[in-house]
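In case you want the letters, here they are:
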Amino acid sequence: MVLAQVFFATMNVFTRLGAEHLPWSEIAATRFLIGALVAVGFAWYRGSSLRITDRPNTWRRSLFGTLAAVCTFYALSSSRIAVGDAATLVATAPIFVALLSGPLLGERVGRHVALAIALG
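Residues numbered from 1 in each chain as written. Predicted model: local features only at pLDDT ≥ 70, side-chain atom pairs only at ≥ 80, totals over all residues. Heavy atoms only, no water.

Overview of the overall build of the protein chain
Going by this rule: Put simply, DSSP H or I for four residues or longer makes a helix, DSSP E for two residues or longer makes a strand, and each gets a number counted from the N terminus. Working definition: with a 1.4 Å probe on protein chains only, accessible area under 20% of the residue-type maximum means buried, over 50% means exposed, and in between means partly exposed. Any two residues having at least one pair of non-hydrogen atoms within 4.5 Å are treated as being in contact. Only four residue types enter the charge count: Lys and Arg as positive, Asp and Glu as negative, with His and the chain ends excluded. By convention, charge coordinates are those of NZ in Lys, CZ in Arg, CG in Asp, or CD in Glu.
Secondary structure assignment for the protein chain yields six helices and zero strands. For the protein chain, the spread of C-alpha atoms along the principal axes amounts to about 45 × 40 × 25 Å. Counting across all 120 residues of the protein chain, residues that qualify as buried make up 14%. Sequence separation of 24 or more characterises 57% of the internal contacts of the protein chain that already satisfy a separation of 6 or more. With 10 positive and 5 negative side-chain charges, the protein chain shows a separation of 11 Å between the mean positions of the two kinds.

Rendered as structure tokens:
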């Protein structure tokens with residue numbers, strides 16, 4: 001977990017640095033492409049299928065995930081908000097996922113999750 005956070009922090013800083021020379025949309029597209037290549041590589045290595053079994057929820061997840069990622073790269077590239085503030089806003093994503101998973105995905109949200117949302 002610590003290593004993952006180091007990588008995300010590094011990505012945030014390099015996104016800001018890259019935004020001085022490239023449009024934020026190009027930086028985001030590159031990140032999406034690298035993520036897709038890594039996923040395909042791991043699936044190939046493990047012999048796993050990337051076949052979609054739940055199309056409606058996959059479309060919702062893709063739509064909201066892409067929207068969130070685009071907003072994240074826009075915020076990280078903007079000189080109007082500090083990198084630390086943008087990273088803090090991104091860190092609230094799990095709270096919103098838990099909050100909206102019941103109404104949007106029909107998933108059961110238990111008392112422990114509700115308590116965690118309230119504390120967050």
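So much for the structure itself; the text now carries on.
A short note on the packing of helix 1 (residues 2-18) against helix 3 (residues 55-77)
Heads up, the condition is: Axes, fitted as lines to C-alpha atoms, cover a helix only where it is in contact. Angles between the N-to-C directions of the axes lie from 0 to 180 degrees. The handedness criterion is simple: a crossing whose near helix is rotated anticlockwise from the far helix by less than a right angle is left-handed, and one whose near helix is rotated clockwise is right-handed.
Here helix 1 crosses helix 3 at 60°, and the two axes come no closer than 8 Å. Along this stretch, helix 1 crosses helix 3, giving a crossing that reads as right-handed. Contacts between helix 1 and helix 3 involve Met11, Asn12, Thr15 and Arg16 from the first element and Phe73, Ala75, Leu76 and Ser77 from the second.

Description of the packing of aromatic side chains
Spelled out, the test is: Aromatic pairing here means that ring centres of Phe, Tyr or Trp (its six-membered ring) are within 6.5 Å. Orientation follows from the plane angle: under 30 degrees is stacked, over 60 is edge-to-face, and everything else is tilted.
Scanning the model with the defined rule gives two aromatic pairs in all. Where Phe32 meets Phe73, the ring centres are 6.3 Å apart and the plane angle is 85°; that geometry is what we call edge-to-face. In this pair, Phe32 sits in helix 2 (residues 24-46) while Phe73 sits in helix 3, placing the two residues 41 residues apart along the sequence. Residue class for Phe73 comes out buried when judged on its relative accessible area of 4%.

Description of the confidence of the model for the protein chain
Put simply, the rule is: Confidence of the predictor at the level of single residues is captured by pLDDT, which takes values from 0 to 100.
This prediction gives the protein chain a mean pLDDT of 88; 100% of its residues lie at or above 70. Mean pLDDT values for the elements of the protein chain range from 85 in helix 4 (residues 83-91) up to 92 in helix 2.

Regarding the packing of helix 2 against helix 3
Defined as follows: Roughly parallel means an angle under 35 degrees; roughly antiparallel means over 145; roughly perpendicular covers 65 to 115; every other angle is labelled oblique. For this scheme, ten residues count as nonpolar: Ala, Val, Leu, Ile, Met, Phe, Trp, Tyr, Cys and Pro. Four count as charged, namely Asp, Glu, Lys and Arg, and the remainder, Gly too, count as polar.
Viewed as axis vectors pointing N to C, helix 2 and helix 3 meet at an angle of 130°, and their least axial separation amounts to 9 Å. Judged by the inter-axis angle, helix 2 sits oblique to helix 3. In the packing of helix 2 onto helix 3, the handedness of the crossing is right-handed. Of helix 3, the residues touching helix 2 (which contributes Trp24, Ile27, Ala28, Arg31 and Phe32) are Ala69, Val70, Phe73, Tyr74 and Ser77. Among the residues making up the contact of helix 2 with helix 3, the classes are represented as eight nonpolar, one polar and one charged.

Considerations on the environment of Asn12
Mapped onto the fold, Asn12 is located in helix 1. Among the residues examined, Asn12 registers a relative accessible area of 12% and is labelled buried. A C-alpha to C-alpha distance of 16 Å links Asn12 and Met1, two positions eleven residues apart in sequence. Setting aside chain neighbours within four positions, we find Asn12 in contact with Leu76, Val83 and Ala87.

Points about a nonpolar patch on the surface
Quick note on the threshold: Residues with no salt bridge and a relative accessible area higher than 30% make up the patches, which join like charges within 9 Å and nonpolar side chains (Val, Leu, Ile, Met, Phe, Trp, Tyr) within 5 Å. Per-residue and other accessible areas follow the Shrake-Rupley method at a 1.4 Å probe size, with only the shown protein chains counted as cover for residues. Salt bridge, as applied in this entry: a Lys or Arg side-chain nitrogen positioned within 4 Å of an Asp or Glu carboxyl oxygen.
A contiguous nonpolar patch, built from Leu63, Phe64, Leu67, Phe96, Leu99, Leu100, Leu104 and Leu105 and spanning about 730 Å² of accessible area, is present on the exposed surface. Of all the elements in the fold, those that place two or more residues in the nonpolar patch are helix 3 and helix 5 (93-105). With respect to the secondary-structure elements, Leu100 resides in helix 5. Given the relative accessible area of 40%, Leu100 is considered partly exposed.

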